[in-house]
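Here's the letter readout for the chains.
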Amino acid sequence: MTDPYKCLNISPFATSMEVEKARFLAIEKVEDDGYGPGNLKHREITWSADLLKNRDNRAAYDKTVLSTSCNKVLGFEIIDIEKALLAELKVVLSVDSYLEIINEDVSEMDFSFCFFSVDEHFDSGRMIAGFLMLVRVFNSVDDNEIKPRILFKIADFFAKRLADKNWQKIFLKKIISNYPQSKEAQRSEDLV
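For clarity, every value in this text was computed on a predicted model and none was experimentally measured.

Observations regarding unusual backbone geometry
Phi angles above zero are rare outside glycine, and Asn9 is one such case at about 55°. With respect to the helices and strands, the residue Asn9 is situated in the loop between α1 (4-7) and α2 (16-32). Judged by relative accessible area, which is 70%, Asn9 ranks as exposed.

Next comes the structure, spelled out in structure tokens:
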């Protein structure tokens, strides 16, 4: 299956209106090349646009992309998770956005939603980038009150949004072992 974002040559941050504009331009280009509605390229463009304009279908696709990236994690160390997410970002983000993230220059990106709620209707690129930022913050922040809170948020994300209890337990156990005095550790013990 072709990545619909790549098919339409749009950023994962694209709105429905931008998706429709990209569909129109892509259809126009293949028709100029002599391909009609029955052609595979034409059908692929239409399928991609229909998928990304429908909130529920887009959320389901994005959830699959994120879940797939997490399954590529080799171990339970932060660096393994980061490598898997960066590999996934190559596919879904524009070159500029990807370079901003690997160079840790994300001043133009808004990741605040990750700390409060993760909307299923955010696209895969934004969700993965946000999750990567959570991982990076966990890895670099010194405040022992913030780290367990972020880990708990990641665990909650896996349980509620991806319905993945195994990954939830991995992060909850990390809270219990690394921050046993935190209130998140007490909450984690109830959930493990």
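A few points about the pattern of salt bridges
With the rule as written, the count across this model stands at three salt bridges. The closest approach of N and O atoms between Lys53 and Glu20, which form a salt bridge, is 2.4 Å. Of the two residues, Lys53 sits in helix α3 (residues 40-53) while Glu20 sits in helix α2, which places them 33 residues apart along the sequence. For Lys53, a relative accessible area of 33% gives the class partly exposed.

Focus: the packing of aromatic side chains
Counted under the stated rule, the structure contains two aromatic pairs. Ring plane angle 50° and centroid distance 6.3 Å describe the contact between Tyr5 and Tyr61, whose orientation is recorded as tilted. With a gap of 56 residues between them, Tyr5 in helix α1 and Tyr61 in helix α4 (residues 55-71) connect regions that are remote in the sequence. By relative accessible area, which is 1% here, Tyr5 ends up buried. The class of Tyr61 is buried, set by a relative accessible area of 12%.

Digging into the packing of helix α9 (residues 146-161) against helix α10 (residues 165-178)
Look at α9 against α10: their axes get within 7 Å of each other, and the N-to-C directions meet at 165°. By the angle class used here, α9 and α10 are roughly antiparallel. Two packed elements cross with a definite hand, and for α9 against α10 that hand is left-handed. Where α9 approaches α10, its residues Pro148, Leu151, Phe152, Ile154, Ala155, Phe158 and Ala159 are matched on the opposing element by Lys165, Trp167, Gln168, Phe171, Leu172, Lys174 and Ile175. For the contact of α9 with α10, the class distribution of residues is eleven nonpolar, one polar and two charged.

A short note on α9
For α9, with 16 residues, the first-to-last C-alpha span of 22 Å sits near the 22 Å given by 1.5 Å per residue. Residues Lys147, Pro148, Ile150, Leu151, Phe152, Lys153, Ile154, Ala155, Phe157, Phe158 and Ala159 constitute the buried set of α9. Of the residues one or two after α9, Ala163 is the one with positive phi, at around 50°.

Basis of the calculations
Per chain, residue numbering runs from 1 following the sequence as it is written. A pLDDT threshold of at least 70 governs which residues receive local features in this predicted model, and a stricter bar of 80 or more applies before side-chain atom pairs are shown or counted, although totals over entire chains, interfaces and linings include all residues. Computation of side-chain values: all heavy atoms of the structure, hydrogens and water removed. Secondary structure counts use DSSP, requiring at least four H or I residues in a row for a helix and at least two E residues in a row for a strand, with both numbered from the N terminus. We call a residue buried when its accessible area falls under 20% of the maximum for its residue type, exposed when it is over 50%, and partly exposed in between, using a 1.4 Å probe and counting protein chains only. Salt bridges are counted wherever a side-chain nitrogen of Lys or Arg sits within 4 Å of a carboxyl oxygen of Asp or Glu. Here the aromatic set is Phe, Tyr and Trp, taking the six-membered ring for Trp, and pairing holds for ring centres within 6.5 Å; pairs whose planes are under 30 degrees apart are stacked, those over 60 apart are edge-to-face, and all others are tilted. Helix axes are fitted to C-alpha atoms over the stretch in contact, other axes to C-alpha atoms as well, and angles between N-to-C directions run from 0 to 180 degrees. Note on angle classes: values under 35 degrees are labelled roughly parallel, values over 145 roughly antiparallel, values of 65 to 115 roughly perpendicular, and the remainder oblique. Definitions for this section: a left-handed crossing has its near helix turned counterclockwise from the far helix by less than a right angle. A right-handed crossing has that turn clockwise. Contacts are residue-level and defined by heavy atoms, with any inter-residue pair within 4.5 Å sufficient. Classes in brief: Ala, Val, Leu, Ile, Met, Phe, Trp, Tyr, Cys and Pro nonpolar; Asp, Glu, Lys and Arg charged; the others, Gly included, polar. By definition here, a helix of n residues has an expected span of 1.5 Å times n minus one.

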